[in-house]
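Spelled out from the first residue to the last, the chains are:
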Amino acid sequence: SAAGQGNLRSKELIGCVKMDFRVFSRLREFDIYPKTIQDFQVRTLAGAVVSILGFLIMFVLILGEINLYLTIQTDHELSVDTSRGEKLQINFNITFHAMPCTIISLDTMDISGEQHIDVHHEVYKQRLDVDGNNVAEMERELDIHSNRTAVKALTQGKEDGSGGECGSCYGAEESPDECCNTCDSVREAYRRRGWAFVNSDGIVQCKTEGFLLKMQEERHEGCRVVGTLQVNKVAGNFHFSPGKSFSQVGVHFQDLLVLRKTDYNVSHAINHLSFGRKYPGRVNPLDGVVRICEFRSAMYQYFVKVVPTQYQYRNGTILSTNQFSTTENTRQLEGFTRGLPGVFFFYDLSPIKATLAERNNSFLHFLTGLCAIIGGVFTVMGIIDSTIYTGQKIAKKIQLGKLS
């Protein structure tokens, strides 16, 4: 009947409920966090201090974990450098405390035999007084050599055919039509011939420009040389030295006789020296190096090992550049028998290329770190609190004489 079916359904429902209760009762046995009745919980001052200290430690560690997660990590990899036919960019900013800009020349050469004498392009010079302050505006070296105010009009007149005399090269001209209208052009003609430019007093152009007078005026000045070089990606050297350079039958010479002195204070400060473009985290070991010459003259030698470097940003952009290590040597000079005064940089290329790639930290690793911090601090502080509480109970029993 309908009443009997209703009772049967009620019994089935009651049986299912009882079964659910039994299942839940068995599940409670897996609870590893048993609770105590609040009436049996004891709160102590020591526990409060430990809790506050734990929260502070936890806060500091979490901040450190967040900072680590947001910091870009860099992976390093080494491989053989297979690049060929590339150029090496050299960036420099060097201050000479006691050598005027007029006498400083920059030369480069490499093992392939390529030489660049008295480099002008992308080289700028800033005259400095005794205290290191700027004397005049920074000038491009190419402009210094191409704009001699004393004979500028004469030179321009000759070049555009509007008149003017053709200055003598004093036998150093390569063709009968060659003219030397400036002191520098005469010195350049002498350099091409491989002749020493000894006596500028007998050169009309030098008298007109006041070459020696200019050197006399700048004798107490210093010079800051800033610029960029593009050289072959092979071993070589570049150097800053007084006088004019010239090459004769493949041999490099430095003309110092015209300067009429043998003592040169080559004290200098390397404000910046790098190879290639800048990338994040690069360290240039020679930046900020200062060397004071304690001798009458000296030759400073820096031996540089250039390591080709490839830096890959997170967005996939790849930057090809270089980093380097260096050693140095200083040689005391007496005259010109043991070397030339100046600052010399000898560089060599490493066959190993360093690859640096940026990457973000894993978010799962970040979450794991947070859980480790929270759980570790909570557990350690709980152990400390339990130890203190137990120690207090033992001390109280000792005081009451109840410790068995």
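Here the structure is shown first, and the text comes after it.
What counts and what doesn't
- Residues numbered from 1 in each chain as written.
- Predicted model: local features only at pLDDT ≥ 70, side-chain atom pairs only at ≥ 80, totals over all residues.
- Heavy atoms only, no water.
- Helix = DSSP H or I, 4+ residues; strand = E, 2+ residues; numbered from the N terminus.
- Buried < 20%, exposed > 50% of the residue type's maximum accessible area, 1.4 Å probe, protein only.
- Contact = heavy atoms within 4.5 Å.
- Areas by Shrake-Rupley, 256 points an atom, 1.4 Å probe, with all protein chains shown as cover.
- Disulfide = S-S within 2.5 Å.
- Polar contact = N/O pair within 3.5 Å; in protein donor to acceptor, adjacent residues only side chain to side chain.
- Salt bridge = Lys/Arg side-chain N within 4 Å of Asp/Glu carboxyl O.
- Core = buried A, V, L, I, M, F, W, Y, C linked by side-chain atoms within 4.5 Å.
- Patch = residues over 30% accessible without salt bridge, like charges linked within 9 Å, V, L, I, M, F, W, Y side chains within 5 Å.
- Pairing = 2+ DSSP bridges.

## Here we look at the overall build of the protein chain
What the protein chain contains, in helices and strands, is 8 helices and 16 strands. Expressed as a percentage of its 404 residues, the buried residues of the protein chain come to 34%. Put simply, 72% of the contacts in the protein chain that link residues at least 6 apart link residues at least 24 apart. Element-wise, carbon and sulfur atoms account for 58% of the exposed surface of the protein chain, whose accessible area totals about 24700 Å².

## What to know about the state of the cysteines
Overall, the coordinates contain 3 disulfides when judged by the stated rule. Bridging Cys 101 to Cys 223, the disulfide has an S-S length of 2.1 Å. Taking the sign of the torsion about the S-S bond as the criterion, the disulfide between Cys 101 and Cys 223, at about 100 degrees, is right-handed. With Cys 101 in the loop between β2 (87-96) and β3 (104-110) and Cys 223 in strand β7 (residues 222-232), this residue pair connects regions lying 122 residues apart in the sequence. With relative accessibility at 8%, the residue Cys 101 sits in the buried group. When its relative accessible area of 0% is taken as the criterion, Cys 223 is described as buried. The disulfide partner of Cys 169 is Cys 180, and the gap between their sulfur atoms is 1.8 Å. For the disulfide bridge between Cys 169 and Cys 180, the dihedral angle about the S-S bond is near 95 degrees, and by the sign convention the bridge is right-handed. Here Cys 180 lies in the loop between α4 (152-159) and α5 (183-193) and Cys 169 lies in the loop between α4 and α5, a separation of 11 residues in the sequence. Note on accessibility: Cys 169 and Cys 180 belong to one class, buried.

## A short note on the side chain of Asn 361
Looking at the secondary structure, you find Asn 361 in the loop between β16 (352-359) and α8 (363-400). A distance of 2.5 Å separates a polar atom in the side chain of Asn 361 from the backbone oxygen of Leu 68. At 3.2 Å, the side chain of Asn 361 and the backbone oxygen of Thr 71 are in polar contact. Sequence-distant contacts of Asn 361, that is, excluding residues within four places in its chain, are made with Leu 68, Tyr 69, Thr 71 and Gln 73.

## As for the pattern of salt bridges
Enumeration over the complete set of coordinates arrives at 7 salt bridges. Between Asp 348 and Lys 305 there is a salt bridge; the shortest N-O distance is 3.4 Å. A residue pair is termed long-range when its members are at least 10 positions apart, and Asp 348 in strand β15 (residues 342-349) and Lys 305 in strand β13 (residues 298-312) qualify at 43 residues. Taken together, the shared-partner salt bridges in this structure form one network comprising Asp 81, Glu 86 and Lys 233.

## Observations regarding the nonpolar core
Note that soluble globular proteins tend to have their nonpolar side chains buried in a common cluster. Counting 36 residues, the largest nonpolar core has Ile 90, Phe 238, Phe 240, Leu 273, Phe 275, Phe 345 and Tyr 347 as the members making the most contacts within it. Among the secondary structure elements, those contributing two or more residues to this core are β2, β3, β7, β8 (236-242), β11 (268-275), β13 and β15. Not counting the four nearest positions on each side in its chain, Ile 90 is found in contact with Gly 227, Thr 228, Leu 229, Val 231, Phe 238, Leu 273, Ser 274, Phe 275 and Tyr 347. Counting 9 residues, the second largest nonpolar core, distinct from the first, contains Cys 183, Ala 189, Tyr 190 and Ile 203.

## Remarks on a nonpolar patch on the surface
On the surface, Phe 59, Val 60, Leu 63, Ile 66 and Leu 70 cluster together into a nonpolar patch covering about 500 Å² of accessible area. On the secondary structure map, Leu 63 appears in helix α2 (residues 45-70).

## A word on the pairing of β11
The buried fraction of β11 amounts to 6 of the 8 residues, a majority that puts the element mostly inside the structure. Sheet analysis places β2 next to β11, joined by 7 bridges and oriented antiparallel. Bridged to Phe 96 within β11 is His 268. Alignment of β11 against strand β12 (residues 289-291), held across 3 bridges, turns out to be antiparallel. Pairing of Ala 269 across the sheet is with Val 290, part of β12.

## Structural notes on the environment of Leu 106
Within the secondary structure, Leu 106 is located in strand β3. For the pair Leu 106 and Ile 117, spaced 11 residues apart in the sequence, the C-alpha separation amounts to 7.0 Å. Among all residues touching Leu 106, those that are not within four sequence positions of it are Phe 92, His 116, Ile 117, Asp 118, Val 119, Val 123, Leu 229, Phe 238, His 239 and Phe 240.

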